[in-house]
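Chain residues, written in single-letter form:
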Amino acid sequence: MDVISAGIVIADCVARPVMRSPQPGQLELVDEIGLHAGGSAVNTGAALARLGLEVALVGRVGRDGFGDYLDGAARGLGLDTRCLSRSDAATSATLVHVDAGGERSFLHAVGANAALTAADVPLDTLAGARALHVAGYFVLPGLEPGVPDLFGRATALGLLTSLDTVWDATDRWERVHAALPVTDVFCPGLGEGQRITGCEHPEDVLDALFALGVRRVAAVKMGDRGALLGRPDGARVHVAAAPVHAVDGTGAGDAFIGGLLAGLLAGDDLARAGQLGAAAGALCVGAMGATAGLRDLPTTRALADTLSVTPLQGALP
């Protein structure tokens, strides 16, 4: 086993394109509505699996149809689901509205994800794992307080630790600060990073994340502006975004993290790992849902190698 991907597991019901929300009692038409396996733990795990790594999925689903679907879909994506537990709560689900430009908005029910705790993450029994990724920090009320201790134990076992927050609807962003000093890899979107740090510019966000304790690599994801990556020693690179037609942006950030982790675990330097992350994210947006656009390592690497990298000593280009 290479990576343990623990956290939110969600049934995504994706509608596209949503031009406007219907008024009460009215109906609006869309071109397509699909059910997809989602949630950051699934999405990042699937990206890693497509890139050739062995991934164990740790999460909770309900004893319902959505839970059955997600178990089968995750296995179909190449994930080991032995640690996907069943809960009496309903499976977590999200209604995803995708507009004509690929931008998304969400309605989310936490459901069974709320019951996931640190005790559900079997570090000792998943022998040989090299990394632990926790996804969905701000919507995992049972796991959130246990992350610092969990990451401390993972570090003691020699695992790389990676954390993803998702958007905090409660606007209490400072809650993640306690976990950052035991986090090796942290990759917020720009809006998330701004709220976590109180900084505006991407370069300042990156500096503040290291001041808060991120240990090895931080990246600020900026959509079509690419990504800014850095290390605590002051190394900074900007990786350009790939020119792609965005069908659905769902899961792009999760795919970026998957590509970045795959690169780091393969021994890539900061720039090359960042290119792989950016390429995985770009391929993801080319299809509906968070996983349909993912590609294998040769295809993803071929795109990654075309992306320009700029070492930085000052402001972004």
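Above this text is the structure in question.
Nothing here was measured: the structure is a model prediction, and the numbers come from that model.

A. Quick look at the sheet that holds strand E5 (residues 79–87). Here 10 strands make up an open sheet; going across it, the order is E5-E4-E1-E8-E9-E10-E11-E12-E13-E14 and the pairing mixed. Single-partner strands in this sheet number two, and they are E5 and strand E14 (309–311). Relative to strand E10 (residues 185–186), strand E9 (residues 160–164) runs parallel, the two being bridged by 2 bridges. By the bridge assignment, Ser162 is partnered in E10 with Val185.

B. Just unusual backbone geometry, in detail. Of the consecutive residues Arg16 and Pro17, the connecting peptide bond is found in the cis state with omega at -15°. Inspection of the secondary structure assignment puts Pro17 in the loop between strand E2 (10–16) and strand E3 (32–38). Its identity as a non-glycine residue notwithstanding, Val166 has a phi of 60°, on the positive side. Relative to the elements of secondary structure, Val166 occurs in the loop between E9 and E10. Owing to a relative accessible area of 17%, Val166 belongs among the buried residues under this scheme.

C. Up close: the packing of aromatic side chains. The final tally for this structure, using the stated rule, is 3 aromatic pairs. Residues Phe138 and Trp173 carry aromatic rings whose centres are separated by 5.4 Å and whose planes lie at 85° to one another, so their mutual orientation is edge-to-face. Here Phe138 is found in the loop between strand E8 (131–135) and helix H3 (147–156), whereas its partner Trp173 is found in the loop between E9 and E10, with 35 residues between them in sequence. Ring geometry for Trp167 against Trp173: centres 4.8 Å apart, planes inclined by 80°, an arrangement best described as edge-to-face. With relative accessibility at 4%, the residue Trp173 sits in the buried group. By way of ring pairs, the aromatic residues Tyr137, Phe138, Trp167 and Trp173 are connected into one cluster.

D. Helix H4 (residues 190–197), seen in detail. With 6 of 8 residues buried, H4 lies mostly within the body of the structure. Within H4 the residues assigned to the buried category are Leu190, Glu192, Gly193, Gln194, Ile196 and Thr197. Where H4 is buried, its residues touch E10, helix H5 (202–211) and strand E11 (217–221). At the C-terminal side of H4, Gly198 shows a positive phi close to 80°.

Analysis parameters
Residues numbered from 1 in each chain as written. Predicted model: local features only at pLDDT ≥ 70, side-chain atom pairs only at ≥ 80, totals over all residues. Heavy atoms only, no water. Pairing = 2+ DSSP bridges. Helix = DSSP H or I, 4+ residues; strand = E, 2+ residues; numbered from the N terminus. Buried < 20%, exposed > 50% of the residue type's maximum accessible area, 1.4 Å probe, protein only. Phe/Tyr/Trp six-rings, centres within 6.5 Å; stacked < 30°, edge-to-face > 60°. Contact = heavy atoms within 4.5 Å.

The values are spatial; any link to function lies outside them.
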